[in-house]
Amino acid sequence: DGGITQSPKYLFRKEGQNVTLSCEQNLNHDAMYWYRQDPGQGLRLIYYSQIVNDFQKGDIAEGYSVSREKKESFPLTVTSAQKNPTAFYLCASSIGFNSNQPQHFGDGTRLSIL
Amino acid sequence: QKEVEQNSGPLSVPEGAIASLNCTYSDRVSQSFFWYRQYSGKSPELIMSIYSNGDKEDGRFTAQLNKASQYVSLLIRDSQPSDSATYLCAVIRNSGYALNFGKGTSLLVTP
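Computed from a prediction, not measured in an experiment: that's the story for all the values here.

Undergrad: Please clarify how the overall build of chain B should be interpreted in this entry.
TA: Broken down by element type, chain B carries zero helices and eleven strands. Listed by position from the N terminus, the elements making up chain B come as β-β-β-β-β-β-β-β-β-β-β. Here chain B has a C-alpha radius of gyration of 13 Å; the compact-globule value for 111 residues is 13 Å, and the two agree. The principal-axis extents of the C-alpha atoms in chain B amount to approximately 45 × 30 × 20 Å. Counting across all 111 residues of chain B, residues that qualify as buried make up 46%. Across chain B, contacts joining residues at least 24 apart in sequence account for 53% of those joining residues at least 6 apart. Here chain B has roughly 5,100 Å² of accessible surface; of this, 47% comes from carbon and sulfur atoms.

The structure is reproduced here in structure tokens:
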């Protein structure tokens, strides 16, 4: 089945630790995105990538980093500089950077601080 | 002004009734609009997209768009308890690269 796979489902971070959230898609989509959702809040854009080897900061990129070495993969690292990392992290993809294309989401990763 | 606004709810409707969910947006040049459903603890699921003024129907769902009023709505006919969820309105940014989301409206369909 085609889709977006995020792992792990749950992740715990210790003080001063970097953690990496995985996002893999087999939809052959060019564009990929990372969002963060806090309780009772809408989704906020962290980073996005239009194409392999290219990515751009979103609205709340501080304390996060990404890479896009393969079309299928767009991992997100939450660094120790992110002081409030507890949230629901959602990866999405779309066919391309075309304004009519909807985004589809993975199942998400819940990150908490130990 | 917030870019995409929705009433947080909860909106409570009896089973079988029509649920009406509303969304306003601030960017006049926005061209693409989406409704996502999000069950508690789950990720958003795309249920409707609309690009032109007027109505678009898909099963029990109807999306309505009025660009002059910068208003998008979602109607759910014959509401079922399984429709109980948070509904997120999303609008493509004028730069075309990502979505602006509203905070969502919580819908509760009571048996």
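Undergrad: When you look at the overall build of chain A in this model, what are you seeing that I'm missing?
TA: When you go through chain A residue by residue, the secondary structure sums to zero helices and eleven strands. Computed over the C-alpha atoms, the radius of gyration of chain A is 13 Å, within 12% of the 13 Å expected from 2.2 N^0.38 for a compact globule of 114 residues. With 114 residues in all, chain A has 46% of them scored as buried. Split by element, the accessible area of chain A, about 5,500 Å² in all, is 45% carbon and sulfur. Across chain A, the centroid of the 11 positively charged side chains sits 6 Å from that of the 11 negatively charged ones.

Undergrad: Any chance you could explain the interface of chain B and chain A here in plain terms?
TA: By convention, interface size is frequently given as the accessible area that disappears when the constituent parts associate. Facing 20 residues of chain B, the contacting portion of chain A comprises 23 residues. With both sides pooled, the region where chain B packs onto chain A buries about 1,700 Å², and carbon together with sulfur makes up 55% of that total. Ranking the residues of chain B by area buried against chain A places Tyr97(B), Phe101(B) and Lys103(B) at the top, with a combined share of 29%. Our count for the chain B to chain A interface comes out at one salt bridge.

Undergrad: Please explain the side chain of His29(A) as it appears in this structure.
TA: Residue and element names in this part refer to chain A. With respect to the helices and strands, His29 occurs in the loop between strand S3 (19–25) and strand S4 (31–37). Overall, His29 belongs to the buried group, its relative accessible area being 8%. At 3.5 Å, the side chain of His29 and the backbone nitrogen of Ser94 are in polar contact. Once residues lying within four places of it in the same chain are set aside, the contact partners of His29 are Arg68, Lys71, Ser93, Ser94, Ile95 and His104.

Undergrad: How should a nonpolar patch on the surface be read in this particular structure?
TA: All names here are of chain A. Where nonpolar side chains cluster on the molecular surface, the patch consists of Tyr10, Phe12 and Leu114 and spans about 390 Å² of accessible area. Along the polypeptide, Phe12 turns up in strand S2 (residues 10–13). Look at Phe12 and you get partly exposed, because its relative accessible area is 47%.

Undergrad: I would appreciate a short explanation of the sheet that holds strand S1 (residues 4–7) of chain A in the present structure.
TA: Paired through backbone hydrogen bonds, the strands of a sheet run either parallel or antiparallel to each other. Residue and element names in this part refer to chain A. Pairing is antiparallel across the open sheet formed by four strands, whose spatial order is S1-S3-S8-S7. What marks the edges here is a single partner per strand, and that holds for S1 and strand S7 (64–66). For this sheet, the mean angle separating the axes of adjacent strands, direction not counted, is 20 degrees. Note that S7 and strand S8 (residues 76–78) share three bridges and pair antiparallel. Across the sheet, the residue bridging to Tyr64 is Val78, located in S8.

Undergrad: What is the right way to read the environment of Glu45(B) from this model?
TA: Its location among the elements puts Glu45(B) in strand S5 (residues 45–50). Each C-alpha atom, one on Glu45(B) and one on Trp35(B), is 8.5 Å from the other, the two residues being ten residues apart in sequence.

Undergrad: Would you mind showing me how to read the state of the cysteines here?
TA: Put plainly, a disulfide is one covalent bond tying together the sulfur atoms of two cysteines. All names here are of chain A. Taken as a whole and judged by the stated rule, the model has two disulfides over all chains. Paired by a disulfide, Cys23 and Cys91 hold their sulfur atoms 1.9 Å apart. What sets the handedness of the Cys23 and Cys91 disulfide is the S-S torsion sign, and at about -70 degrees it is left-handed. You can see Cys23 sitting in strand S3 and its partner Cys91 sitting in strand S9 (residues 87–94), a full 68 residues away along the chain. Residues Cys23 and Cys91 agree in their burial class; the two are buried.

Analysis parameters
Residues numbered from 1 in each chain as written. Chains lettered and ligands numbered in written order. Predicted model: local features only at pLDDT ≥ 70, side-chain atom pairs only at ≥ 80, totals over all residues. Heavy atoms only, no water. Helix = DSSP H or I, 4+ residues; strand = E, 2+ residues; numbered from the N terminus. Rg over C-alpha atoms; globule rule 2.2 N^0.38 Å. Buried < 20%, exposed > 50% of the residue type's maximum accessible area, 1.4 Å probe, protein only. Contact = heavy atoms within 4.5 Å. Areas by Shrake-Rupley, 256 points an atom, 1.4 Å probe, with all protein chains shown as cover. Lys, Arg positive; Asp, Glu negative; His and termini not counted. Charge placed at Lys NZ, Arg CZ, Asp CG, Glu CD. Buried area = accessible area lost by both parts, 1.4 Å probe. Salt bridge = Lys/Arg side-chain N within 4 Å of Asp/Glu carboxyl O. Polar contact = N/O pair within 3.5 Å; in protein donor to acceptor, adjacent residues only side chain to side chain. Patch = residues over 30% accessible without salt bridge, like charges linked within 9 Å, V, L, I, M, F, W, Y side chains within 5 Å. Pairing = 2+ DSSP bridges. Axes fitted to C-alpha atoms, helices over the stretch in contact; angles between N-to-C directions. Disulfide = S-S within 2.5 Å.

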